[in-house]
Amino acid sequence: MKERFLEPFRGMHEIIEYVLPKDMPEFCLGCKNCFFRGEDKCPHAVFIEPIWNSILEADLIVFAYPVYALRAPGSVKALLDHFCVHWMVHRPEKEMFSKNAVILTNSVGAPNAAAQKDVMTSLNWMGISRIRRLGIGLMEGVIWPELSEKRKAFIYKKVDALSRQCMNLKKERMRIKVKLYFALCKKMHEAGLKSSKEAFLDDLHYLNNGWIKDRRKQNAANH
Ligand SMILES: Cc1cc2nc3c(=O)[nH]c(=O)nc-3n(C[C@H](O)[C@H](O)[C@H](O)COP(=O)(O)O)c2cc1C
């Protein structure tokens with residue numbers, strides 16, 4: 001499905017692919033260095049940084065994975081855990097607000113929605129508004145060569161339609177759900193900056209991006 005989806009893009013656009021768990025073989029250790037000291041202090045920065053930089057530069061982000069035990073495979077979740085620092089509640093990047101993403105999944109026969117939701121939730125919280133999804137149950141076999149030509153043609157048709165929808169790579173407008181999350185996060189960080197003695201990286205990130213006002217002086221003057 002992934003190869004077929006990317007076929008029309010090949011030769012026309014640069015495609016950067018990462019394979020899990022090879023390109024990010026570590027679980028988050030819960031050290032919280034990313035939150036308190038900076039994401040460059042993550043013990044797995046050597047794996048995470050190149051992937052995150054590729055995501056920031058990408059016009060289209062594609063996640064492709066099989067359904068394992070009705071959910072996303074652990075290797076995908078391990079990657080997502082490392083991106084939590086870029087959620088809107090922490091330090092989102094403005095590039096994410098206009099991006100498009102695609103989630104491609106397959107199972108033998110189980111519904112795919114719950115497995116897609118793991119990635120969808122993360123991408124939404126990272127600020128991506130437009131996420132297209134395609135999930136397929138192979139049905140006739142466990143591996144691709146076991147499928148009949150008819151079944152393969154049906155899957156190709158669905159994948160091709162999705163590819164066509166994504167071809168223009170246009171920037172997306174921020175949708176209402178993401179706007180709402182972001183507005184709440186702005187309020188939270190403005191209040192955080194005003195009330196705490198020591199400014200947290202997350203609050204400063206919001207301040208430096210011009211998303212919130214610095215009310216610390218006003219607060220000090222009132223006392
Ligand atoms: C550990 C494991 C768990 C799986 N769990 C499910 C499942 O819950 N439901 C399902 O329909 N298929 C399940 N599968 C089958 C995969 O979704 C299937 O291998 C996939 O469709 C084929 O993709 P692949 O060729 O990329 O491995 C599981 C496979 C593995 C290895």
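1. Considerations on the overall build of the protein chain
- Looking only at helices and strands, one finds nine helices and three strands in the protein chain.
- Secondary structure elements of the protein chain, listed N to C terminal, follow the sequence α-α-α-β-α-β-α-β-α-α-α-α.
- Overall size of the protein chain, expressed as C-alpha extent along the three principal axes, is 75 × 35 × 30 Å.
- Residue burial in the protein chain is summarised as follows: out of 223 residues, 41% are buried.
- The long-range share in the protein chain, meaning contacts at least 24 apart out of those at least 6 apart in sequence, stands at 72%.
- As displayed, the protein chain has an accessible area near 12,800 Å², and 56% of this comes from carbon and sulfur atoms.

2. Considerations on the layout of surface pockets
- Here the largest pocket is characterised by a volume of approximately 1,100 Å³.
- What lines the largest pocket is a set of 33 residues, among which Ile-16, Glu-17, Tyr-18, Val-62 and Phe-63 lie closest to the centre.
- Breaking the lining of the largest pocket down by element, the ones donating at least two residues are helix H1 (2-6), helix H3 (45-57), strand S1 (60-66), helix H4 (74-82) and strand S2 (100-107).
- With seven residues, S1 is the single largest residue contributor to the lining of the largest pocket.
- Considered class by class, the residues forming the lining of the largest pocket number 23 nonpolar, five polar and five charged.
- Taken as a whole, the second largest pocket encloses approximately 250 Å³ of empty space.

3. Considering the nonpolar core
- Judged by nonpolar contacts, the single largest core of 28 residues is most densely connected at Ile-61, Phe-63, Tyr-65, Phe-83, Met-96, Val-119 and Leu-123.
- Broken down by element, this core gets its largest block of residues, five residues, from H3.
- Grouped together as the second largest cluster of nonpolar side chains are 15 residues, Leu-60, Val-159, Cys-166 and Leu-169 included.

4. Things to note about the packing of aromatic side chains
- Going through the model one piece at a time under the given rule, you end up with 11 aromatic pairs.
- With 5.2 Å between their ring centres and 45° between their planes, Trp-52 and Phe-83 make a pair best called tilted. Separated by 31 residues along the polypeptide, Trp-52 in helix H3 and Phe-83 in the loop between H4 and S2 bring together distant segments of the chain.
- Owing to a relative accessible area of 6%, Trp-52 belongs among the buried residues under this scheme.
- Phe-83 sits in the buried class, given a relative accessible area of 0%.
- With a centroid separation of 5.5 Å and an interplanar angle of 55°, the aromatic rings of Trp-144 and Tyr-156 are classed as tilted. One end of the pair, Trp-144, is in the loop between strand S3 (130-137) and helix H6 (149-166); the other, Tyr-156, is in helix H6, with 12 residues separating them in the sequence.
- For Trp-144, a relative accessible area of 29% puts it in the partly exposed group.
- Judged by relative accessible area, Tyr-156 falls into the partly exposed class, the value being 29%.
- These aromatic residues form a ring-pair network of at least three members: Phe-97, Phe-182, Tyr-206 and Trp-211.
- Here the guanidinium or amino end of Arg-4 rests over the ring plane of Tyr-156, the centre of that ring lying 4.0 Å away.

5. Details of the site of the ligand
- Taken together, Pro-66, Val-67, Tyr-68, Ala-69, Leu-70, Asn-106, Ser-107, Val-108, Gly-109, Ala-110, Leu-138 and Val-142 make up all the residues around the ligand.
- A distance of 3.1 Å separates an oxygen atom of the ligand from a polar atom in the backbone of Leu-70.
- Notes on the ligand: free accessible area 630 Å², of which the protein chains cover 58%.
- Taken together, the residues of the shell around the ligand sort by class into nine nonpolar, three polar and no charged.

6. Structural notes on helix H7 (residues 176-195)
- Helix length check: H7, at 20 residues, gives a terminal C-alpha distance of 29 Å against a target of 28 Å (1.5 Å per residue), a fit within 8%.
- Along H7, the residues that are buried comprise Val-178, Phe-182, Cys-185, His-189, Glu-190, Gly-192 and Leu-193. Down the axis of H7, the smallest arc covering the buried residues is 160°, so these residues share one side. Looking at H7, the residues exposed on the side facing more than 90 degrees away from the buried face are Ile-176, Leu-180, Leu-184, Lys-187 and Ser-195.

Conventions used here
- Residues numbered from 1 in each chain as written.
- Predicted model: local features only at pLDDT ≥ 70, side-chain atom pairs only at ≥ 80, totals over all residues.
- Heavy atoms only, no water.
- Helix = DSSP H or I, 4+ residues; strand = E, 2+ residues; numbered from the N terminus.
- Buried < 20%, exposed > 50% of the residue type's maximum accessible area, 1.4 Å probe, protein only.
- Contact = heavy atoms within 4.5 Å.
- Areas by Shrake-Rupley, 256 points an atom, 1.4 Å probe, with all protein chains shown as cover.
- 1 Å grid on protein atoms, 1.4 Å probe; cavity = no way out; pocket = protein on both sides within 12 Å on 5 of 7 lines; lining within 4 Å.
- Points joined across faces, edges and corners; volume = space filled by probe spheres on them.
- Nonpolar A, V, L, I, M, F, W, Y, C, P; charged D, E, K, R; others polar.
- Core = buried A, V, L, I, M, F, W, Y, C linked by side-chain atoms within 4.5 Å.
- Phe/Tyr/Trp six-rings, centres within 6.5 Å; stacked < 30°, edge-to-face > 60°.
- Lys NZ or Arg CZ within 6 Å of the ring centre and 35° of its normal.
- Near = heavy atom within 4 Å.
- Polar contact = N/O pair within 3.5 Å; in protein donor to acceptor, adjacent residues only side chain to side chain.
- Expected span 1.5 Å × (residues − 1).
- Arc of directions from axis to C-beta.

Don't take any of this as a statement about function, it's just geometry.
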